[in-house]
Amino acid sequence: MRPVPWVVRQVTKETPDTFTLVLDPPKGARGRFTPGQFSMLWVCGVGELPISISGDPTRPESLTYTVRSVGAATQSLVTRQAGQTVGVRGPFGKGWPIEAAKGRDIIVAAGGIGLAPLRPVIYHVLANRSHYGRLTVLYGARNPRDILFRKELAAWAKLPDTQVFSTVDYGGVSWRGHVGVVTTLFKMLRLRPVLTTAMVCGPEIMMRVVARELLARGLSGDQLFLSMERNMKCAIGLCGHCQWGPHFVCKDGPVFPFSQIAPLLDRYEL
Amino acid sequence: MADTIRVRIVADQIGQLIRSLAHRDYAIFGPAVKDGAIVYDRIEEIGDLPRGLTDHQEAGRYSLVPRQDQALFGYVLGPQSWKKYFHPARVKLFDARNDDGVFQILPNTASPARPVALLGVRACELAAIAMQDRVLQNGPYADRIYAARRAGAFLVAVQCTQSAPTCFCHSMGTGPAVAAGTADITLTEMDVASDHWFLAEAGTDRGAEVLSELSFAPATDTQCRAADEAVALARTGQRRHLDTAGLRDLLIENFEHPRWDEVARRCLVCANCTMVCPTCFCTDIEDASDVSGTHAERWRRWDSCFTTSFSYIHGGSVRTSPKARYRQWITHKLATWIDQFGTPGCVGCGRCITWCPAGIDITEEAQALRGTVNHGNTES
């Protein structure tokens, strides 16, 4: 339960309220993780938060987190200065099924900040390109200025066997891209359902409708994965806060196969 | 452990038992009277025990009243459980120093606590301790604070010879008889009105060693039988029952049921049930710092699924309605605990019934989901 001090290398503004922190390890430590895992990040005297790792799993010399500033603890995290420390515990939880998905087409579907825990999957697939089939990234943001990792999305779109579709809920006058919720992108998709593994992260309502669309297009519930969010405090299944039905989301998840959690998704206030 | 031998000790030998445990440097805790209830506290001599007192319990009611005799363990259960010693209500995790945004966790200067000896553990409470062992130290991640305090604990069980109207340990399979080998020493208090003696039995080698330091006589068959019968009376006297057949599916399949709205009208979401429950284990973490921000502390304290903050995520709490919070508590206790740890998380001690200010009864609520509520269940 003791946070380890990692040193802030840099904090980059991604959008008006979202920042990416790159942390350097203390002597002798490495930042190994599985895409989809999270850490507990602690600001001394302020608080601790579960934050998904958003960096490149092939580069364990640092750890990267993308944080939306919404309260006191996240605000203190994103206003850290280079050279200051952040307490790190983890990585925790079960990540995306990158091994089981080898040889298959990959769909990454993200809503808002949900792209952050999925970016390591994209890095992993691109670093091991021959092990995977087509890569399709579906991304929905509220409006154009909330689009995360904009340059990378554009760069990925130019790669072979890789498609990137972005959409926004509200376009504004200068937006020339797609407008509508993520599921409106599905009509552009050439899906090979039997060969495809989908990984979805976003608001719960977005994940539910994306799951419904993918299942309707013939994807198996065993090949559809969602990353759930609950109140994670200890991150090791001892504090009880993140319970969701029989699951401790922190250690049994946060990534679950749809087939395992389908009955729980419809239970309001579970 | 060789064959267990049951011996007879006179009541005064409990004083010698306390001295023998103290001599072994245990910190001894047992029942004591405080604020009109029997609580667990430091015990230094036999005079600290609640001699000649018993408790009257019903849903939402508890009172301590004199007995006609000099029984030392003549009550059933108080509001506290032994978990406060192994899983403290509030514990400091560490101190830290913060210099211009660079923190350093300070070494822990507190000396390790002495092993505890618990005197007067009921069968249901032994089951509760075993459940917390399973949750907090036998899983893939162990809680070091719990494990350190639990290590080496010496358990002296006292079997129940009476049940409170709120007790239902028999239906949960946890009592009132103490299962062999689950305590270091098991006592049964007998004939409190006449010659006042205890049947004593060691469950471990170290229990046998402590017992050998007392003055005892081998128990006769008649005495053993009398003690067994007294415990059997506590069992047959239990008026509350929780039907455990298909319990998990009952709760899971009735996620939508009119009874949740009904119980939510009575439930004050005060969290008393979770505080008195001997198996509830949830905790929260608090960060604090001084005004300058240079000294910081992290504390862990008991939390409850009855608070709205418990399920808070950005955007709002998951379980806002009292209905959802009560449902989470009872469903975890009786159903999802089985998925997680193989047994229900309830030992049938009845504390949540006694200490609920609205008198909500877990056995009645579970029964209501079956569609057959026996209101006679709750009347004295």
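**Quick notes on the nonpolar core**
Turning to step 1, where the next piece is worked out: By size, the foremost hydrophobic cluster in this structure holds 177 residues, and its most contacted members are V108(A), V200(A), F225(A), V156(B) and A157(B).
Turning to step 2, where the next piece is worked out: When residues in this core are grouped by element, the largest group, 9 residues, is from helix α3 (residues 123-136) of chain B.
Turning to step 3, where the next piece is worked out: Excluding anything up to four places from it in sequence, V200(A) contacts A109(A), M207(A), V210(A), A211(A), F225(A) and L226(A).

**Considering the sheet that holds strand β8 (residues 135-141) of chain A**
All names here are of chain A.
Turning to step 1, where the next piece is worked out: Taken in spatial order, the 7 strands of this open sheet run β10-β9-β8-β7-β11-β12-β15, and their pairing is mixed. At either end of the open sheet lies a strand with only one pairing partner, and these are β10 (178-179) and β15 (255-257).
Turning to step 2, where the next piece is worked out: Strand direction decides the pairing type here: strand β7 (residues 105-111) and β8, joined by 6 bridges, are parallel. Counterpart to A110 in the pairing with β8 is Y139.
Turning to step 3, where the next piece is worked out: Across the face of the sheet, helix α2 (residues 119-127) comes into contact with β7, β8 and β11 (196-201) while running at roughly 155° to β7.

**Remarks on the domain arrangement of chain A**
All names here are of chain A.
Turning to step 1, where the next piece is worked out: Here the domain parsing of chain A yields domain 1 (4-92) and domain 2 (105-227).
Turning to step 2, where the next piece is worked out: Look at where the C-alpha atoms of domain 1 and domain 2 centre, and you get two points 24 Å apart.
Turning to step 3, where the next piece is worked out: Of all the secondary structure elements, the ones that give two or more residues to the side of domain 1 that touches domain 2 are β1 (4-15) and β5 (63-68).
Turning to step 4, where the next piece is worked out: Of the residues contributing to the side of domain 1 that touches domain 2, the split by class is 4 nonpolar, 8 polar and 3 charged.

**With respect to the interface of chain A and chain B**
Turning to step 1, where the next piece is worked out: Facing the 29 residues of chain A at the interface are 36 residues of chain B.
Turning to step 2, where the next piece is worked out: Breaking the side of chain A that touches chain B down by element, the ones donating at least two residues are β4 (47-52) and β6 (85-92) of chain A.
Turning to step 3, where the next piece is worked out: Across the side of chain A that touches chain B, the residue classes tally to 9 nonpolar, 12 polar and 8 charged.

Analysis parameters
Residues numbered from 1 in each chain as written. Chains lettered and ligands numbered in written order. Predicted model: local features only at pLDDT ≥ 70, side-chain atom pairs only at ≥ 80, totals over all residues. Core = buried A, V, L, I, M, F, W, Y, C linked by C-beta atoms within 7 Å. Buried ≥ 20, exposed ≤ 12 C-beta atoms within 10 Å, placed from the backbone. Helix = DSSP H or I, 4+ residues; strand = E, 2+ residues; numbered from the N terminus. Contact = placed C-beta atoms within 7 Å. Pairing = 2+ DSSP bridges. Axes fitted to C-alpha atoms, helices over the stretch in contact; angles between N-to-C directions. Domains from an automatic or database assignment. Nonpolar A, V, L, I, M, F, W, Y, C, P; charged D, E, K, R; others polar.

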